[in-house]
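Understanding the architecture of this molecule
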Amino acid sequence: MKFPFKRCMATVWATLFIGPVYAADVQVAVAANFTAPMQKIAADFEQATGHRARLAFGATGKFYAQIKNGAPFEVLLAADDDTPARLEKEGLAVAGSRFTYSIGQLALWSARPGYVDGKGEVLKQGAFDHLALANPRLAPYGGAAVETMNKLGVLSALQPKFVQGENIAQTFQFVSTGNAELGFVALSQVVEDGKLKRGSAWVVPAGLHAPIRQDAVILVRGKANPAALALMKYLKEDRARAIIRAYGYQY
Amino acid sequence: MLSDTDWSAIRLTVELAGVTTALLLILGTPIAWWLARTRSAWKGAVGAIVALPIVLPPTVIGFYLLVAMGPQGPVGRLTESLGLGTLPFTFAGLVVASVIYSLPFVVQPIQNAFEAIGERPLEVAATLRASPLDTFFSVVLPLARPGYLTATVLGFAHTVGEFGVVLMIGGNIPDKTRVVSVQIYDHVEAMDYAAAHGLAAGMVAFSFLVLLLLYTLNPTGRRA
């Protein structure tokens, strides 16, 4: 049998030359709470479109400051809806590209099984030393946690026990190492495929705080990048939405 | 210009740096003495361990401290069994972390000063029938004074400048773990640049004055 040299070479040429013409990279700033789903979505996105999403994770407030000072991000997946709107108003984001890619879900979580009950009564008993939450001044999940405790009437009693993470990822770290007995984290950090990964959790009912609308926006640097447009489109497709939902978000 | 929380952060930072420096001078002296005098094969290894915080990223120190001092970690189990609870998110925890973090900045200048004294003054003191302890306090310490000045200033200043470790194990608690560097970071992230400038400019001025003081009083002892 003859080796199909020509056909093989055709594939090689195609990969070398045709590939890069259509596939582009896009620099994406991603809110820390969306880390896990975004890693999966980015992998699928690359397979589906050939474009590659390069991800940076962090606090939305920090990204805002960096973008204002010329950071090379092309898309922002924020943890709130204020920041993208503000960037658009300031001419740093593409007008009309903004949409809500998910609505965040707050959870009270402990690394210990059975520690957090299904109704959050543990907050009222207050038999713990440290309650972790994201800094409410910087992170929407921290703001929602404060709002929730306020509605439950336990805010002033619990305030002395607060330990604050700089963002929701650090808050999770405090609880997952057991240094804080429990804390308010993003549900996406503790569930996978709709199931709790470990410990115990109370999914905070939506009525206890204003919805955490998380908006995505194309930044001016990404205006002409086909990969940025493709990513925004992909986030609205069923495959991406299935992943987003599996991590406990709504949209 | 500075708010109450800013002042509280400044007070806390000075307290932390003061306690840390005092502890380090006490702990660092025997370590420096041993390193300066020993012919043991362990000298290299101990010297390297003391110097580790110079090269390790604060994230590594912070991460390991968080895990080690947590309820499942070896240090955390020890402190819990002693009835002290766990150390992260406490002032004591920050002191422990700062002692580790600033150790080389105190030990190395003292060690250099001890080495510079050499054998001769000790031998002379011994022929005059001074006890080793007497020799240490009446001969070694006065001769090593420039080293101690450098160690004190660097230990204090380096603890004031600490950020990453505190961020990772502090939990940002007002009056307990929210030091100046963390407060500045908060201001910057919350986009309150005016407040950030107030504290940040203060830090620049403080650091400059401290180093100026060191270089003026101690022109030969500037290197650690």
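Below, the structure is looked at part by part. (Residues numbered from 1 in each chain as written. Chains lettered and ligands numbered in written order. Predicted model: local features only at pLDDT ≥ 70, side-chain atom pairs only at ≥ 80, totals over all residues.)

1. A word on the packing of helix α1 (residues 4-37) of chain B against helix α8 (residues 145-160) of chain B
All names here are of chain B. Applicable threshold: What counts as an axis is a line fitted to C-alpha atoms, over the stretch in contact for a helix, and the angles between N-to-C directions run from 0 to 180 degrees. Going along the chain from the N terminus, every DSSP run of H or I of four or more residues is numbered as a helix, and every run of E of two or more is numbered as a strand. Roughly parallel means an angle under 35 degrees; roughly antiparallel, over 145; roughly perpendicular, 65 to 115; everything else is oblique. Whether a crossing is left-handed or right-handed is set by the direction in which the near helix is turned from the far one by less than a right angle, anticlockwise for left-handed and clockwise for right-handed. We call two residues in contact when their backbone-placed C-beta atoms lie within 7 Å.
As a packed pair, α1 and α8 sit with axes 8 Å apart at the nearest point and diverge in direction by 140°. Judged by the inter-axis angle, α1 sits oblique to α8. Between α1 and α8 lies a crossing of right-handed hand. Of α8, the residues touching α1 (which contributes T13, L16, A17, T20, T21, L24, L25 and G28) are A151, T152, G155, F156, T159 and V160.

2. Some words on the sheet that holds strand β2 (residues 52-58) of chain A
Residue and element names in this part refer to chain A. Put simply, the rule reads: By definition, two strands form a pair when at least two bridges between them are found by DSSP.
Within the open sheet, the five strands sit side by side as β2-β1-β3-β12-β4. Their pairing is mixed. At either end of the open sheet lies a strand with only one pairing partner, and these are β2 and β4 (99-104). On average, each strand axis in the sheet is inclined to that of its neighbour by 20°, with strand direction left out of account. Relative to strand β12 (residues 212-218), β4 runs antiparallel, the two sharing five bridges. For G104, the partnering residue across the bridge sits in β12 and is I212. Strands in contact with helix α10 (residues 226-234) are β1 (25-31), β2, β3 (75-77) and β12; relative to β1, the strand with the most contacts, it is inclined by about 45°.

3. Section: the nonpolar core
As a reminder of what qualifies: In this description, a nonpolar core means buried residues of the types Ala, Val, Leu, Ile, Met, Phe, Trp, Tyr and Cys, linked to one another by C-beta atoms lying within 7 Å. Here a residue counts as buried when 20 or more other C-beta atoms fall within 10 Å of its C-beta, as exposed when 12 or fewer do, and as partly exposed in between; the C-beta atoms come from the backbone.
Counting 77 residues, the largest nonpolar core has V75, L76, L77 and Y141 of chain A as its most contacted members. When sequence neighbours within four positions are dropped, the list of residues in contact with V75 of chain A reads V26, V28, A216, I218, L219, G222, A228, L231 and M232 of chain A.

4. Regarding the interface of chain A and chain B
Note the cut-off: Each residue is assigned to one class: nonpolar for Ala, Val, Leu, Ile, Met, Phe, Trp, Tyr, Cys and Pro, charged for Asp, Glu, Lys and Arg, and polar for all the others, Gly among them.
The interface of chain A with chain B comprises 18 residues on the first partner and 18 residues on the second. Elements with a contribution of two residues or more to the side of chain A that touches chain B: α3 (60-68) and β7 (162-165) of chain A. Classifying every residue of the side of chain A that touches chain B by side-chain character gives seven nonpolar, seven polar and four charged.

5. Quick notes on the environment of P72 of chain A
Residues and elements named next belong to chain A. With respect to the element layout, P72 can be found in the loop between α3 and β3. For P72, a count of 13 C-beta atoms within 10 Å translates into the label partly exposed. If we skip the residues at most four places from it in the chain, P72 touches Q27 and R221.

6. Looking at the packing of α8 of chain B against helix α11 (residues 193-217) of chain B
All names here are of chain B. Two elements in contact, α8 and α11, have axes whose closest approach is 10 Å; the angle formed by their N-to-C orientations is 170°. In this view, α8 runs roughly antiparallel relative to α11, as classed from their interaxial angle. Counting all contacts with α8, which are made through L149, T150, V153 and A157, the residues of α11 involved are S207, V210, L213, L214 and L217.

7. Examining unusual backbone geometry
Residues and elements named next belong to chain B. Even without being glycine, F89 reaches a positive phi, approximately 70°. Inspection of the secondary structure assignment puts F89 in the loop between α4 (74-81) and α5 (91-117). The exposure class of F89 is buried, given the 26 C-beta atoms found within 10 Å. Here the phi dihedral of R129 falls at roughly 65°; this positive angle occurs in a residue that is not glycine. Take R129: it is sitting in the loop between α6 (120-127) and α7 (132-143). The exposure class of R129 is exposed, given the 7 C-beta atoms found within 10 Å.

8. A look at helix α2 (residues 35-49) of chain A
Residues and elements named next belong to chain A. This is how it is decided: Each residue after the first adds 1.5 Å to the expected span of a helix. As used here, the arc is the angular range of directions from the helix axis to the C-beta atoms.
Relative to the 21 Å expected for 15 residues at 1.5 Å per residue, α2 spans 21 Å between its end C-alpha atoms, a close match to the ideal helical length. Residues P37, M38, I41, A42 and F45 constitute the buried set of α2. The arc that holds every buried residue of α2, seen down its axis, measures 135°, which confines them to one face. Buried residues along α2 sit against β1, β2, β3, α9 (187-190), α10 and α11 (238-246). Looking one or two residues past α2, G50 carries a phi angle of roughly 85°, positive in sign.

9. Notes on the sheet that holds strand β5 (residues 106-110) of chain A
Adjacent strands of a sheet pair through backbone hydrogen bonds, lying either parallel or antiparallel. Residue and element names in this part refer to chain A. One open sheet accounts for five strands, arranged β7-β6-β8-β5-β11; its pairing is mixed. Here the strands that pair on one side only, and so sit at the sheet edges, are β7 and β11 (200-203). The average undirected angle you get between the axes of adjacent strands in this sheet is 30°. Taken together, the four bridges between β5 and β11 define a ladder with antiparallel strand orientation. Considered in β11, the bridge of W109 is made with A201. Its contacts with the sheet put helix α8 (residues 168-176) on β5, β6 (131-134), β7 and β8 (182-186), and the angle it makes with β8 is roughly 145°.

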